[in-house]
Amino acid sequence: MDDVVYMVRGKTREICQRELDRICELLGAVPTNPPSDSVGRGWAARAVPSPPARTPEPADR
C-alpha cells in the first residue's frame, strides 16, 4: 500500500480533535473522518495529505 495516512489517537474526543487539527495545519493534510471512539480504547481520527494544487492551464487563444 503506497497511500499516506496520518492517524491520531487520544484519551478524549477533545484531545483527538486538537491533535487532528494540529496535524492538518502543520502538514497540510485534510481529515478523512472525525474523531470516533468505535475503534477500541480511546478516540482515533485520520487525515491524508492534501492533493497538490492544480496549476491553471493557459487559456486557448
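Here's what I pulled together on the structure shown here. (Residues numbered from 1 in each chain as written. Predicted model: local features only at pLDDT ≥ 70, side-chain atom pairs only at ≥ 80, totals over all residues. Heavy atoms only, no water.)

## Some details on the overall build of the chain
Consideration 1: Regarding its fold elements, the chain presents 1 helix and 3 strands.
Consideration 2: Starting at the N terminus and walking to the C terminus, you meet the elements of the chain as β-α-β-β.
Consideration 3: By the compact-globule yardstick of 10 Å for 61 residues, the chain is too spread out, its C-alpha radius of gyration being 16 Å.
Consideration 4: For the chain, the residues scored as buried account for 16% of the 61 residues in total.
Consideration 5: At a minimum sequence separation of 6, the contacts of the chain that also span at least 24 residues come to 40%.
Consideration 6: Per element, the accessible surface of the chain, about 5,200 Å² overall, is 53% carbon and sulfur.
Consideration 7: Both charge centroids of the chain, one from 9 positive and one from 9 negative side chains, sit 7 Å from each other. (Helix = DSSP H or I, 4+ residues; strand = E, 2+ residues; numbered from the N terminus. Rg over C-alpha atoms; globule rule 2.2 N^0.38 Å. Buried < 20%, exposed > 50% of the residue type's maximum accessible area, 1.4 Å probe, protein only. Contact = heavy atoms within 4.5 Å. Areas by Shrake-Rupley, 256 points an atom, 1.4 Å probe, with all protein chains shown as cover. Lys, Arg positive; Asp, Glu negative; His and termini not counted. Charge placed at Lys NZ, Arg CZ, Asp CG, Glu CD.)

## Quick word on the pattern of salt bridges
Consideration 1: All chains considered together, the criterion is met by 2 salt bridges.
Consideration 2: Its salt-bridge partner being Arg18, residue Glu19 comes within 3.2 Å of it at the nearest N-O pair.
Consideration 3: Between Arg22 and Glu19 there is a salt bridge, with its nearest N and O atoms 3.3 Å apart. With Arg22 and Glu19 both in helix H1 (residues 13–27) and 3 residues apart, this pair spans about one turn of that helix.
Consideration 4: What emerges from the salt-bridge pattern is a single network uniting Arg18, Glu19 and Arg22. (Salt bridge = Lys/Arg side-chain N within 4 Å of Asp/Glu carboxyl O.)

## Structural notes on the environment of Tyr6
Consideration 1: Its location among the elements puts Tyr6 in strand E1 (residues 6–10).
Consideration 2: The spacing of Tyr6 and Leu20 is 14 residues in sequence and 8.8 Å in space, taken between C-alpha atoms.
Consideration 3: Discounting residues that sit within four places of it in the chain, Tyr6 has contacts with Ile23, Leu27, Ala29, Ala45, Arg46, Ala47, Val48 and Pro49.

## Examining the sheet that holds E1
Consideration 1: The 3 strands are arranged E1-E3-E2 in an open sheet whose pairing can be described as antiparallel. With one partner strand each, in any of the chains shown, E1 and strand E2 (29–36) form the two edges of the open sheet. Strand after strand, the sheet turns through a mean of 15 degrees between neighbouring axes, direction not considered.
Consideration 2: Across 5 bridges, the pairing between E2 and strand E3 (residues 43–49) is antiparallel. (Pairing = 2+ DSSP bridges. Axes fitted to C-alpha atoms, helices over the stretch in contact; angles between N-to-C directions.)

Shape descriptors only; they carry no functional weight alone.
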